[in-house]
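One-letter residues, chain by chain:
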Amino acid sequence: MATLPESCPKCQSTNLVRITGEDELTTHYGRLKCGDCGKHIQWLRDPSTTITTMQRQSAIESILQNHKSKLRPQDIQFLRSIHPKRCLTDRQQDYLNSLSRQCLGVNICQKN
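Conventions used here
Residues numbered from 1 in each chain as written. Predicted model: local features only at pLDDT ≥ 70, side-chain atom pairs only at ≥ 80, totals over all residues. Heavy atoms only, no water. Helix = DSSP H or I, 4+ residues; strand = E, 2+ residues; numbered from the N terminus. Rg over C-alpha atoms; globule rule 2.2 N^0.38 Å. Buried < 20%, exposed > 50% of the residue type's maximum accessible area, 1.4 Å probe, protein only. Pairing = 2+ DSSP bridges. Axes fitted to C-alpha atoms, helices over the stretch in contact; angles between N-to-C directions. Arc of directions from axis to C-beta. Lys, Arg positive; Asp, Glu negative; His and termini not counted. Salt bridge = Lys/Arg side-chain N within 4 Å of Asp/Glu carboxyl O. Expected span 1.5 Å × (residues − 1). Contact = heavy atoms within 4.5 Å.

**Student:** Please provide a residue-by-residue account of the overall build of the protein chain, values included.
**Tutor:** The number of helices and strands found in the protein chain is three helices and three strands. When the helices and strands of the protein chain are read in sequence order from the N terminus, they spell out β-β-β-α-α-α. Taken over C-alpha atoms, the radius of gyration comes to 19 Å for the protein chain, far larger than the 13 Å a tight globule of 112 residues would show. Projecting the C-alpha coordinates of the protein chain onto the three principal axes gives extents of approximately 55 × 25 × 20 Å. In the protein chain, which comprises 112 residues, the share counted as buried stands at 30%.

And the structure:
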């Protein structure tokens, strides 16, 4: 996971402010800005999404390492292609769930 910068790239201040929740007026989870010059530094990821992504990646790795014999070549290619992604489409989630039920006996993705 990427680390946050320690200082502002514009003014080198270490007074960095995390803005999240009701204070963040965009569709993003949050942002990091300089408390001195006000420069926007970067968008912040939702920690719960990051944890979900890491759990999904771990399950995919388990399938590829321990259940490869149950998979077709296109299944392996699919798993490798979605492994680095943070967000999956509904169709990708459905396909991943069918593979995970086949190999692990459980759904990996929970739909909202």
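Structure shown, so let's carry the discussion forward.
**Student:** Explain the pairing of strand β2 (residues 30-34) residue by residue, including any values.
**Tutor:** Only one face of β2 is covered, namely the face carrying Gly30, Leu32 and Cys34; the face carrying Arg31 and Lys33 is uncovered. Examined bridge by bridge, strand β1 (residues 16-20) and β2 share five bridges and lie antiparallel to one another. Across the sheet, residue isoleucine 19 finds its bridge partner in β2, namely arginine 31. Where β2 and strand β3 (residues 40-44) come together, four bridges link them in antiparallel fashion. Paired with glycine 30 across the two strands is leucine 44, which belongs to β3. Where β2 folds back onto β3 in an antiparallel hairpin, the turn is made up of five residues, including glycine 38, whose phi is positive at roughly 85°.

**Student:** Can you lay out the sheet that holds β1 for me, pointing to particular residues and giving the numbers?
**Tutor:** One open sheet accounts for three strands, arranged β1-β2-β3; its pairing is antiparallel. Across the chains shown, the open sheet's two edge strands, defined by having one partner strand only, are β1 and β3. Strand-to-strand, the axes of this sheet are offset by a mean angle of 20°, without reference to chain direction.

**Student:** Residues and numbers for helix α2 (residues 73-82), please.
**Tutor:** Buried within α2 we find Asp75, Ile76, Phe78, Leu79 and Ile82. Looking down the long axis of α2, one finds its buried residues gathered within 160° of arc, a one-sided arrangement. In α2, the exposed residues that point more than 90 degrees away from the buried face are Pro73, Gln77 and Arg80.

**Student:** Requested: an account of the side chain of arginine 56, with residues and values cited.
**Tutor:** Assignment of secondary structure puts arginine 56 in helix α1 (residues 47-66). Glutamate 61 provides the closest opposite charge to the buried, salt-bridge-free arginine 56, at an N-O distance of 10 Å.

**Student:** Run through α1, naming residues and quoting values.
**Tutor:** Here α1 contains 20 residues, and its C-alpha end-to-end distance of 28 Å stays within 8% of the 28 Å for a straight helix at 1.5 Å per residue. Among the residues of α1, those classed as buried are Thr50, Thr53, Arg56, Gln57, Ala59, Ile60, Ile63 and Leu64. Buried positions along α1 lie against α2 and α3 (90-103).

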